[in-house]
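# Architecture and fold: a report
Residue-level listing of the chains:
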Amino acid sequence: VLQCALYDERRKDRLGSKNAVLSMLMGRKGGGSGNDESGDGSNPNNDPAVIAARETVTALLSEGTIERLIECIVGKFLMLHPDEVEEWESDPEGRYETDLAEEAMLDAASPRHCGGALLMTLMNVETDRVAKTLLDLTQRVFQQLPQDDVNSMLSREACYRALELCHNSMIAKGKRRLNFSEWFQAELLPILQTELAENSPVAMRAMQARAVTLTQAYACSLKGEEFDAAFQSIAKLMAAPDLVTALCASRCIDYLAILSVQERESGEDSPQLLAVRSHSVFALGNAFALANRAESEECLRVILMCVSALVEANGVYLEPVLQAIAEQLPPLWERAGDSVPIHSCLLSVLTHLIMKMGYSTVENSHVQAVLFPLLDYCTDINVVNRAETLLEDGLRLWLVTLLSSRVATMGSKLTSMLPRLEMILRSGLEPHLSLKVLQFNSILLGKQVVEPLGDFLRELLVTLTSRVHVKAKRNGDEMEDDVGNGGVGSKEKDVGTMRDAIAALSFADILMQLFPDLGYNISSPAIGKVISYICSGSENGQRLSVTMPLLEVSLSAFGRMVWINPNSFDEVFTQQNADPSQREMKIVALVKTWLGVVTSVSLATMISKKAQTIRFIDQKGTALSLCSAICRSPTLSRVAGADIVEFTRQLLEVEARGNISTETIVEVACGATRQVVGDGPLGDAANMTAEMLKLDPLLTVSLKEALDNAEKAVAMSSSQNSIM
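Residues numbered from 1 in each chain as written. Predicted model: local features only at pLDDT ≥ 70, side-chain atom pairs only at ≥ 80, totals over all residues. Heavy atoms only, no water.

Glancing now at the overall build of the protein. Counting its regular elements, the protein contains 38 helices and four strands. Counting across all 724 residues of the protein, residues that qualify as buried make up 51%. Here the analysis covers contacts within the protein between residues at least 6 apart in sequence; of these, 73% occur between residues at least 24 apart. Carbon and sulfur atoms form 52% of the exposed surface of the protein, whose accessible area is close to 33300 Å². (Helix = DSSP H or I, 4+ residues; strand = E, 2+ residues; numbered from the N terminus. Buried < 20%, exposed > 50% of the residue type's maximum accessible area, 1.4 Å probe, protein only. Contact = heavy atoms within 4.5 Å. Areas by Shrake-Rupley, 256 points an atom, 1.4 Å probe, with all protein chains shown as cover.)

Where helix H28 (residues 516-536) meets helix H29 (residues 548-564), the closest approach of the two axes is 9 Å, and the angle between their N-to-C directions is 130°. Between H28 and H29, the interaxial angle falls into the category oblique. As H28 packs across H29, the resulting crossing turns out to be left-handed. Residues Pro 516, Tyr 520, Ser 524, Ile 527, Gly 528, Val 530, Ile 531 and Ile 534 of H28 form the contact with H29, whose own contacting residues are Leu 551, Ser 554, Leu 555, Ala 557, Phe 558, Met 561 and Ile 564. Considering only residue class, the contact of H28 with H29 consists of twelve nonpolar, three polar and no charged. (Axes fitted to C-alpha atoms, helices over the stretch in contact; angles between N-to-C directions. Parallel < 35°, antiparallel > 145°, perpendicular 65-115°, else oblique. Left-handed = near helix turned anticlockwise from the far one by under 90°. Nonpolar A, V, L, I, M, F, W, Y, C, P; charged D, E, K, R; others polar.)

Let us look at the state of the cysteines. Applying the stated criterion across every chain yields a total of zero disulfides. With no disulfide partner, Cys 631 has as its closest neighbouring cysteine sulfur the one in Cys 627, 7.1 Å distant. A residue is classified by how much of its surface remains accessible, and Cys 631, at 41% relative accessible area, is partly exposed. (Disulfide = S-S within 2.5 Å.)

Turning our attention to the packing of helix H17 (residues 329-336) against helix H18 (residues 340-357). Orientation of H17 relative to H18, taken along the N-to-C sense of each, is 155°, at an axis distance of 9 Å. Taken together, the axes of H17 and H18 lie roughly antiparallel to each other. Remark: the crossing between H17 and H18 carries left-handed chirality. Facing H17, whose interface residues are Leu 329, Leu 332, Trp 333 and Ala 336, H18 presents Ile 342, His 343, Leu 346, Val 349, Leu 350 and Leu 353. Residues of the contact of H17 with H18, tallied by class, amount to nine nonpolar, one polar and no charged.

Another point: the confidence of the model for the protein. Low-pLDDT stretches of the model should not have their predicted coordinates read in fine detail. A residue-level look at the protein finds 81% of positions with pLDDT of 70 or above and a mean pLDDT of 82. Overall, residues 24-39 carries pLDDT values under 50, and its contacts beyond four positions in sequence, including any with other chains, amount to 27 contacts. Below a pLDDT of 50 lies the segment residues 471-496, which in the model reaches 39 contacts outside its immediate sequence neighbourhood of four places, other chains included. (pLDDT = per-residue confidence, 0-100.)

Attention shifts here to the nonpolar core. The biggest cluster of nonpolar side chains holds 214 residues, and the ones touching the most others in it are Phe 558 and Phe 569. Leaving out residues up to four positions away in the same chain, Phe 569 has contacts with Phe 558, Val 562, Ile 587, Leu 590, Val 591, Trp 594, Leu 626, Ala 629 and Leu 636. (Core = buried A, V, L, I, M, F, W, Y, C linked by side-chain atoms within 4.5 Å.)

By the definition in use, this model includes 29 salt bridges. A salt bridge links Lys 132 to Asp 136; the shortest N-O distance between them is 2.8 Å. With Lys 132 and Asp 136 both in helix H7 (residues 127-144), this residue pair falls four residues apart, about one helical turn. Where Arg 638 meets Glu 584, a salt bridge forms, and the shortest distance between an N and an O atom there is 2.7 Å. Of this pair, Arg 638 sits in helix H34 (residues 634-658) while Glu 584 is found in helix H31 (residues 580-599), placing the two residues 54 residues apart along the sequence. On the basis of relative accessible area, Glu 584 is assigned to the partly exposed category, the value being 23%. (Salt bridge = Lys/Arg side-chain N within 4 Å of Asp/Glu carboxyl O.)

So, on to the environment of Cys 159. Locating Cys 159 in the fold gives a position in helix H8 (residues 150-165). By relative accessible area, Cys 159 is classed as buried at 3%.

Considering all chains together, one arrives at eight aromatic pairs under this definition. Between Tyr 160 and Trp 183, the ring centres sit 5.6 Å apart and the planes meet at 75°, which makes this aromatic pair edge-to-face. In this pair, Tyr 160 sits in helix H8 while Trp 183 sits in helix H10 (residues 180-192), placing the two residues 23 residues apart along the sequence. Each member of the pair, Tyr 160 as well as Trp 183, is classed as buried. A centroid spacing of 4.8 Å and a plane angle of 10° characterise the contact between Phe 180 and Tyr 218, whose relative ring orientation is stacked. Residue Phe 180 is found in helix H10, and its partner Tyr 218 is found in the loop between helix H11 (202-217) and helix H12 (224-237); the two are separated by 38 residues along the sequence. For Phe 180, a relative accessible area of 2% translates into the label buried. Taken together, the ring pairs in this structure connect Tyr 160, Phe 180, Trp 183, Phe 184 and Tyr 218 into an aromatic cluster. (Phe/Tyr/Trp six-rings, centres within 6.5 Å; stacked < 30°, edge-to-face > 60°.)

Next up on the list: the environment of Met 120. Positionally, Met 120 belongs in helix H6 (residues 111-125). Classification of Met 120 by relative accessible area gives partly exposed; the value is 33%. The contact partners of Met 120, leaving out residues within four places of it in the chain, are Leu 165 and Cys 166.

The subject of this paragraph is unusual backbone geometry. You will see that Asn 385, though not glycine, has its phi angle at about 70°, which is positive. Topologically, Asn 385 is positioned in the loop between helix H20 (365-378) and helix H21 (386-389). Phi at Glu 430 is positive, roughly 45°, even though this residue is not glycine. Tracing the backbone through its elements, the reader meets Glu 430 in the loop between helix H24 (418-427) and helix H25 (431-445).

This part covers the side chain of Thr 138. Take Thr 138: it is sitting in helix H7. Relative accessible area serves as the criterion here: at 6%, Thr 138 is assigned to the buried category. Filtering out sequence-adjacent residues up to four positions away, Thr 138 remains in contact with Cys 159, Tyr 160 and Leu 163.

Compared with the 24 Å implied by 1.5 Å per residue over 17 residues, the 24 Å span of helix H27 (residues 498-514) between its first and last C-alpha is a close match. Judged by how many residues are buried, H27 sits mostly within the fold: 13 of 17 residues are covered. (Expected span 1.5 Å × (residues − 1).)

This part covers H29. Taking 1.5 Å of rise per residue, the 17 residues of H29 would be expected to cover 24 Å, and the 25 Å separating its terminal C-alpha atoms lies within 8% of that figure. For H29, the set of buried residues is Leu 550, Leu 551, Val 553, Ser 554, Leu 555, Ala 557, Phe 558, Gly 559, Arg 560, Met 561 and Val 562. Packed against the buried residues of H29 are H27, H28, helix H30 (568-574), H31, helix H33 (609-632) and helix H37 (697-700).

Time to look at the side chain of Asp 242. With respect to the secondary-structure elements, Asp 242 resides in the loop between H12 and helix H13 (243-262). Take Asp 242: its relative accessible area is 6%, and that puts it in the buried class. Within the structure, Asp 242 has its side chain in polar contact with the side chain of Trp 88 (distance 2.8 Å). At 2.7 Å, the side chain of Asp 242 and the side chain of Thr 245 are in polar contact. Excluding residues within four positions of it along the chain, Asp 242 makes contact with Trp 88, Arg 205 and Arg 293. (Polar contact = N/O pair within 3.5 Å; in protein donor to acceptor, adjacent residues only side chain to side chain.)

As structure tokens, then:
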């Protein structure tokens, strides 16, 4: 009634609709025609029953009545019932999962959910009055009822639950209705620091668990010293004899750790992050001990997510206890069985460990005892539903492992996984990640990783980029290839998403950078098709729309392709079977678009020196490729040579003014790669990438030399035209 402004006759039979409340108040039952109006043509919202219902609600919100209503909600719906108190003793994990876990309040069948939903709705409608009523009620319960009485403690816990539910409204909308800092110091912190025995009254333990979840709800209001005290106290409670409290503490520590990372500003560690790091070893010890106490899948998942968050917040600061952390992983792997949530959590823990601590983690024997069996398990696409549940996260862990591996110690293990990678690639699953895994395997292990897959990869890249060069048949929804039928697998299989097309073109670019001849042979058909499509200008009378990310990666790959074989520029246009004048117009349009893309300046580029250098790298590669093509293509030289020469001349001036050396370019290019992982020392891929960049002609060849050659080619073309 409160949330639904109008009764909609058409939706009266939808049980999930708030409309059902009004339908019931009107005395209408399910089943019916669903017409807009009743038989006499009247508006259902004018029905006397609806009007009476609204008058009742108005009365409930009147002064004096709303306060009594809120007290009833808190006392009847939010207070623990006797059977719940009994469950707290007999099945603590069940009690946690049904009432205190993240999903518990989303259970619409629960009476507590109904009461909580009504309370929050009242809070939205009458925020100030409800907030004042809740605070007055909480204070009255605390001051007037005996604090050692079981019912008093249950009433207090219910008030805490109500304030937790309404925390957004209590500190939002530009007005703080609750001074949480003051309340935390005076009331909540003493509860958190109380040491309760296993046989302490359930009501007292419930109040402590609620103090934990309440602190989590208002954590953003904690100041530096308060955050430190809260984190330390709650980390200690992960070892509490009461399992429900310990599990609540684990989830809260997870949240506080992530919050501390998010509050890190401008590379500086926040007081919250420093507080987390100062108590993390203690917290991790309690978390692993708690994992041995938990039996259910959900509870173990909560604990492992806490471990993952602590690792993320600490990074290399946990190096001294890496061995102790690693020793805890094999028993957890053995307990995982076929549980998707537990495997997902182990993936998260290992990913953060490796990202944050580098090759020392990958080479740890205890980590390896879990890492490679877990990778094998998650990437086994022959198992039903494995690809849908764990493959993507497994590939991310595989990628992080490659980035942090040294060939001398890890080469044989990485090589042994290549058949699995080929199987995934041939299946067409998650190509945006599987191609990246293949890329770093190629950097670490060499050309022999790619050579056996050459013919397959050539077809795969064409298929993945088909999204940008397909035409709809006039008589149906089938898709056909724009040029030929090179593809992989059934055409009904939609592997050509835009993300996959960008990933394929990016892989093609890097493959040509790693192994120019082999890369060109594999990549050029797909790149040529994409460029042909971009140059076609329109399709079925409609102007083509190509996204900027796709355009950038397409032109970058085409630039490297042209550098390797300058004749390929003309080859792309001669394959389009257009008359010479149209071909020249397309060349001019492509060059104009290309130069426009690489010279466009974003806000990030304007304010970041590093971003400016990265942009210069793209511009230099474009200039070198186009200057090379000018020297081989009389047509390009004639119709667009002057623009290319002018662009290169201006870029040379930028290089001179900015004193941009080859070493600077390589350093920045390596820095962009470094962002893939976290704080830990990288494996051999970093040094190998740096060496590759130092030898990359599109980074190292002189712009001055390229400009001189291009000017000669343009001058020669001009003289020939004047003679003709």
